[in-house]
Amino acid sequence: MVLAYPSLSLADVYAVLAWALRHPEEVAAYRERAKRAALEAEERARVHFPKALLARLGRA
């Protein structure tokens, strides 16, 4: 990760990982909120997609 994103320090990456491992409930709650938000955004955007495209994507 540090090689892909030079602005990150190895110490910061370890700090975030340590925090996440110590707070699994908060991480799970955050992921659930993000998933819900993504689904809601998809539903809002769906009205702007052509029906033919949605059918091709299998989401009509």
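Parameters and conventions
- Residues numbered from 1 in each chain as written.
- Predicted model: local features only at pLDDT ≥ 70, side-chain atom pairs only at ≥ 80, totals over all residues.
- Heavy atoms only, no water.
- Axes fitted to C-alpha atoms, helices over the stretch in contact; angles between N-to-C directions.
- Helix = DSSP H or I, 4+ residues; strand = E, 2+ residues; numbered from the N terminus.
- Parallel < 35°, antiparallel > 145°, perpendicular 65-115°, else oblique.
- Contact = heavy atoms within 4.5 Å.
- Nonpolar A, V, L, I, M, F, W, Y, C, P; charged D, E, K, R; others polar.
- pLDDT = per-residue confidence, 0-100.

Trainee: So what's going on with the packing of helix α1 (residues 10–22) against helix α2 (residues 24–46)? Residues and values would help.
Mentor: Close contact between α1 and α2 brings their axes to 5 Å; oriented N to C, the two are set at 95°. Judged by the inter-axis angle, α1 sits roughly perpendicular to α2. Residues Trp19, Ala20, Leu21 and Arg22 of α1 touch α2, and the partners they reach there are Pro24, Glu26 and Val27. Class assignment for the residues of the contact of α1 with α2 results in five nonpolar, no polar and two charged.

Trainee: Tell me about the confidence of the model for the protein chain, and name the residues and values.
Mentor: Fine structural detail should not be taken from predicted coordinates in areas where pLDDT scores are low. Confidence in the prediction for the protein chain averages 93 pLDDT; 98% of positions are at 70 or higher. Ranking the elements of the protein chain by mean pLDDT puts helix α3 (residues 51–57) last with 85 and α1 first with 98.

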